[in-house]
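Residues per chain are reported as follows:
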Amino acid sequence: MVEKNSMSTEKFDMLNEDQKSVNQILDRSGRTIDWLSERMHMDYETVRYQLRQAKNYRQDFHERVKEIFKKEGLITSNAEVCSKLKDELIDFSTVLTGTVSIISKSIREKIQDRHLTEDEKKVLKDQLRNQLNRVTDEFNDLLLTIDLR
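Residues numbered from 1 in each chain as written. Predicted model: local features only at pLDDT ≥ 70, side-chain atom pairs only at ≥ 80, totals over all residues. Heavy atoms only, no water.

With that settled, the discussion passes to the pattern of salt bridges. Here the structure, examined in full by the defined rule, presents 9 salt bridges. Where Arg-58 meets Asp-60, a salt bridge forms, and the shortest distance between an N and an O atom there is 2.5 Å. Residue classification places Asp-60 among the partly exposed positions, given a relative accessible area of 42%. Linked by salt bridges that have partners in common, Arg-31, Arg-39 and Glu-72 make up one network. (Salt bridge = Lys/Arg side-chain N within 4 Å of Asp/Glu carboxyl O. Buried < 20%, exposed > 50% of the residue type's maximum accessible area, 1.4 Å probe, protein only.)

In structure tokens, the structure reads:
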């Protein structure tokens, strides 16, 4: 018999990071969805749906779960800070990827019908390399900052 709280990795691939995190904390702490639903004063099926199936996982629900986990000592402020930073990095990654995509499309469109001179190519490539190096330096600086804390 499979326990109600047991996570099958393939089954939960489609969950967002917050859902995965809550499920992992429950699993790691030996707590069940029943346990959580009792503390939330919510129906088991509603809580289970939010944690295991909801495509639009509600953030107000997640905030209540986090408060319960804090009260029970299952998460610390460091875990919350790391979780928030991960969310911000995901958001940043989305923006960065979109921006790079727009720039790539723009460059391709502008140079598609033109024959660039070697000097023009050199200038464009130097500018791109310069921007790449700046972004790489910033990320390396962040990695170093994290390691030094």
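A positive phi angle is found at His-41, which is not glycine, with a value near 55 degrees. Position of His-41 relative to the elements: it lies in the loop between helix H2 (33–40) and helix H3 (44–52). Taking relative accessible area as the criterion, His-41 reaches 74% and is therefore assigned exposed. (Helix = DSSP H or I, 4+ residues; strand = E, 2+ residues; numbered from the N terminus.)

We now examine H2. Within the span of H2, buried status applies to Ile-33, Trp-35, Leu-36, Ser-37 and Met-40. On its buried face, H2 sits against helix H1 (17–29), H3 and helix H4 (59–71). Phi turns positive, to about 55 degrees, at His-41, one or two residues after H2. (Contact = heavy atoms within 4.5 Å.)

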